[in-house]
Amino acid sequence: MHFDGGLMEKWTCEFCGLELRNVVLPVRHRCKSRGLGDTVAKVLSSVGVKKKLGCGCAERQTKLNELVPYKRQDKTGL
């Protein structure tokens with residue numbers, strides 16, 4: 001669901017699941033990719049490729065994230 005300039009009580013990022021409350025749309029949020037699937041989804045979305053119902057995009061994204069996960073670095077540096 002996308003609104004321009006509206007107020008939304010709750011908004012959830014479709015990529016990382018971040019939930020924000022009482023936001024003005026459109027929300028500009030840059031989430032970190034968990035793996036290759038998230039990166040591919042972001043690139044395709046940025047060039048205008050849209051998901052279609054039943055296309056298997058979510059499953060493909062999840063599978064790519066499992067196959068090629070991005071490793072998070074420990075904040076302590078150990």
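What you are looking at is a predicted structure, and each value in this text was computed from that prediction instead of being measured.

1. Focus on the overall build of the protein chain
Right, so step 1: Scanning the protein chain from terminus to terminus reveals two helices and two strands.
Right, so step 2: Going residue by residue from the N terminus, the α and β elements of the protein chain occur as β-β-α-α.
Right, so step 3: Within the protein chain, the proportion of its 78 residues that are buried is 18%.
Right, so step 4: Summed over its atoms, the accessible surface of the protein chain is roughly 6700 Å², and 56% of this surface lies on carbon and sulfur atoms.

2. Notes on the pattern of salt bridges
Right, so step 1: For the coordinates displayed, the defined rule picks out two salt bridges.
Right, so step 2: Across the salt bridge formed by Glu 19 and Lys 10, the nearest N and O atoms sit 3.6 Å from each other.
Right, so step 3: Across the salt bridge formed by Asp 38 and Arg 34, the nearest N and O atoms sit 2.9 Å from each other.
Right, so step 4: With relative accessibility at 1%, the residue Asp 38 sits in the buried group.

About the cut-offs
Residues numbered from 1 in each chain as written. Predicted model: local features only at pLDDT ≥ 70, side-chain atom pairs only at ≥ 80, totals over all residues. Heavy atoms only, no water. Helix = DSSP H or I, 4+ residues; strand = E, 2+ residues; numbered from the N terminus. Buried < 20%, exposed > 50% of the residue type's maximum accessible area, 1.4 Å probe, protein only. Areas by Shrake-Rupley, 256 points an atom, 1.4 Å probe, with all protein chains shown as cover. Salt bridge = Lys/Arg side-chain N within 4 Å of Asp/Glu carboxyl O.

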